[in-house]
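Single-letter residue listing:
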Amino acid sequence: MEESFKGAAGELIERLVALANGGVGTEGSWYDIAFWTAFALGGRLACVIPDTGRDASPGSVGEKMRETNEVVDRATYFDLIRERMAELVAQQMSEAFLVRAVRDQIRRELVHMADLGDASERRFAMRQRLEAAISDPDSIATFRALLAEEDPATAQLPDEEIEARLDVMAKSPMLDPVPLEQAVDRWAAVEEWDHLVARQLSDEVMDEWLAAFVTRMTR
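Given the structure is predicted, the values throughout are model-derived calculations rather than measurements.

Conventions we followed
- Every chain is numbered on its own, with residues counted from 1 as its sequence reads.
- Two thresholds apply to this predicted model, a pLDDT of at least 70 for residue-level local features and 80 or more for giving and counting side-chain atom pairs, whereas whole-chain, interface and lining totals are computed over all residues.
- Side-chain numbers come from the whole structure's heavy atoms, not from hydrogens or water.
- Numbering of helices and strands runs from the N terminus, with a helix taken as a DSSP run of H or I at least four residues long and a strand as a DSSP run of E at least two residues long.
- Throughout, exposure labels follow a simple rule: accessible area from a 1.4 Å probe, protein chains only, divided by the maximum for the residue type, with under 20% read as buried, over 50% as exposed, and the rest as partly exposed.
- Two residues form a contact once any of their heavy atoms are found within 4.5 Å.
- Areas reported here follow the Shrake-Rupley algorithm with a probe of radius 1.4 Å; residue values treat only the protein chains shown as occluding.
- Per-residue confidence from the predictor is reported as pLDDT, which spans 0 to 100.
- Helix span, as expected, comes to 1.5 Å for every residue beyond the first.
- Working definition: the arc comes from the directions between the helix axis and the C-beta atoms, pointing outward to the latter.
- A pairing counts as a salt bridge when a side-chain nitrogen of Lys or Arg comes within 4 Å of a carboxyl oxygen of Asp or Glu.
- Geometry is summarised by axes, namely lines fitted to C-alpha atoms with helices restricted to the contacting stretch, and by angles between N-to-C directions that run from 0 to 180 degrees.
- Working rule for angles: under 35 degrees goes down as roughly parallel, over 145 as roughly antiparallel, 65 to 115 as roughly perpendicular, anything else as oblique.
- Crossings are sorted by hand: turned counterclockwise from the far helix by less than a right angle, the near helix makes the crossing left-handed, and turned clockwise it makes it right-handed.
- Gly falls in the polar group here, along with every residue not listed as nonpolar (Ala, Val, Leu, Ile, Met, Phe, Trp, Tyr, Cys, Pro) or charged (Asp, Glu, Lys, Arg).
- Distance and chemistry together define a polar contact, namely a pair of N or O atoms within 3.5 Å, with one atom able to donate a hydrogen and the other to accept it when in protein, and with adjacent residues in sequence counting only for side-chain atoms on both sides.
- Aromatic pairing here means that ring centres of Phe, Tyr or Trp (its six-membered ring) are within 6.5 Å. Orientation follows from the plane angle: under 30 degrees is stacked, over 60 is edge-to-face, and everything else is tilted.

1. A short note on the overall build of the protein
Then, number 1: Summing up its helical and strand segments, the protein has 10 helices and 2 strands in all.
Then, number 2: Going from the N terminus to the C terminus, the protein shows its helices and strands as α-α-β-α-β-α-α-α-α-α-α-α.
Then, number 3: Put simply, the protein has 219 residues, and 36% of those count as buried.
Then, number 4: Partitioning the contacts of the protein with sequence separation of at least 6, the portion at a separation of at least 24 is 68%.
Then, number 5: By element, 55% of the accessible surface of the protein is carried by carbon and sulfur atoms, the whole surface being about 13300 Å².

As structure tokens, this is what we get:
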């Protein structure tokens, strides 16, 4: 049974951070949940990423993010989330409103990840666009310009090299249809999140905190 609230500021934030840090479903989900939370909160979190303990694949988005953002350990990252939420509350944002918004955003992202049909359609569409770009001079020029923004030397790459890079991206396993087993696991994560929220951070639970908070403030 969850410990009852004392009505102190920050109690809802602490409970949300604990839920997010615990993750749901497969190991490593805490990273996705933390990333969604940080994206919603902004501030310093926009320039920081957590260390997963695994090396990013060469040329991947993860590798690029490590090059352009500060990397901190898991505990520090959640401390920064806690601090950012406290900062927003200090700027007169309702703690209950903020926690409810982040809680619900996490669920929306979990559902989005679990939508097998939608995810597979997006991947198929991306693969089609990349395959079409391989034989399109304008698309090749656009892709070369994007590469040159990060590395000016790539502005001199021949069309054949650009085509080869686009081909590698189009054939990436990341664009394969989402396996059914993975979708099942993701829907299980949604159900687990719903169960945890219902027990620890439901609207009724937050109303209990708000009542205790008001009582504490009016004594």
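2. Things to note about the confidence of the model for the protein
Then, number 1: In this model, the protein carries a mean pLDDT of 86, and residues with pLDDT of at least 70 account for 89%.
Then, number 2: When the elements of the protein are averaged for pLDDT, helix α3 (residues 61–68) gives the smallest value, 68, and helix α4 (residues 74–90) the largest, 96.

3. As for helix α10 (residues 203–217)
Then, number 1: Look at α10: 21 Å from first C-alpha to last across 15 residues, which is about the 21 Å you get at 1.5 Å a residue.
Then, number 2: Taken as a whole, α10 has its buried residues at Val205, Met206, Trp209 and Ala212. Down the axis of α10, the sector holding all buried residues measures 120 degrees, keeping them to one side.

4. Some words on the pattern of salt bridges
Then, number 1: In the structure shown here, the tally under the stated rule is 11 salt bridges.
Then, number 2: Between arginine 44 and glutamate 70 there is a salt bridge, with its nearest N and O atoms 3.0 Å apart. Residue arginine 44 is located in the loop between α2 (29–41) and β1 (48–50), and its partner glutamate 70 is located in strand β2 (residues 70–72); the two are separated by 26 residues in the primary sequence.
Then, number 3: Among the residues examined, arginine 44 registers a relative accessible area of 49% and is labelled partly exposed.

5. Some points on the environment of arginine 15
Then, number 1: Within the secondary structure layout, arginine 15 lies in helix α1 (residues 11–22).
Then, number 2: With 182 residues separating them in the primary sequence, arginine 15 and valine 197 have C-alpha atoms 9.9 Å apart.

6. Here we look at the packing of α1 against helix α5 (residues 95–114)
Then, number 1: Two elements in contact, α1 and α5, have axes separated by 9 Å at closest approach and are oriented at 15 degrees. It follows from the interaxial angle that α1 and α5 lie roughly parallel. Handedness of the crossing formed by α1 with α5: left-handed. Only Glu95, Ala96, Val99, Val102, Arg103 and Ile106 of α5 make contact with α1, whose side of the interface consists of Glu11, Leu12, Ile13 and Leu16.
Then, number 2: Across the contact of α1 with α5, the residue classes break down as 7 nonpolar, no polar and 3 charged.

7. Overview of the side chain of arginine 144
Then, number 1: Secondary-structure assignment places arginine 144 in helix α7 (residues 137–150).
Then, number 2: Only 2.5 Å separates the side chain of arginine 144 from the side chain of aspartate 159, close enough to count as a polar contact.
Then, number 3: What arginine 144 contacts, discounting residues up to four positions off in sequence, is Thr154, Ala155, Leu157, Pro158, Asp159 and Ile162.

8. Description of the packing of α5 against α10
Then, number 1: At their nearest, the axes of α5 and α10 sit 11 Å apart, and the two run at 160 degrees to each other. With respect to α10, the axis of α5 lies roughly antiparallel. The two elements α5 and α10 cross, and the hand of that crossing is right-handed. Facing α5, whose interface residues are Glu95, Ala96, Val99, Arg100 and Arg103, α10 presents Asp203, Met206, Asp207 and Trp209.
Then, number 2: In terms of residue class, the contact of α5 with α10 is built from 4 nonpolar, no polar and 5 charged.

9. Observations concerning unusual backbone geometry
Then, number 1: The phi dihedral of glutamine 92 falls on the positive side, at around 80 degrees, and the residue is not glycine.
Then, number 2: Its location among the elements puts glutamine 92 in the loop between α4 and α5.

10. Considerations on the packing of aromatic side chains
Then, number 1: One pass over the structure, following the stated rule, counts 4 aromatic pairs.
Then, number 2: Summarising the aromatic geometry, the rings of tryptophan 30 and tyrosine 31 are spaced 6.0 Å apart at their centres and angled 80 degrees between planes, so their arrangement reads as edge-to-face.
Then, number 3: Owing to a relative accessible area of 9%, tryptophan 30 belongs among the buried residues under this scheme.
Then, number 4: Summarising the aromatic geometry, the rings of tyrosine 77 and phenylalanine 78 are spaced 6.5 Å apart at their centres and angled 85 degrees between planes, so their arrangement reads as edge-to-face.
Then, number 5: Grouped by ring-pair contacts, the aromatic residues Trp30, Tyr31, Tyr77 and Phe78 constitute a single cluster.

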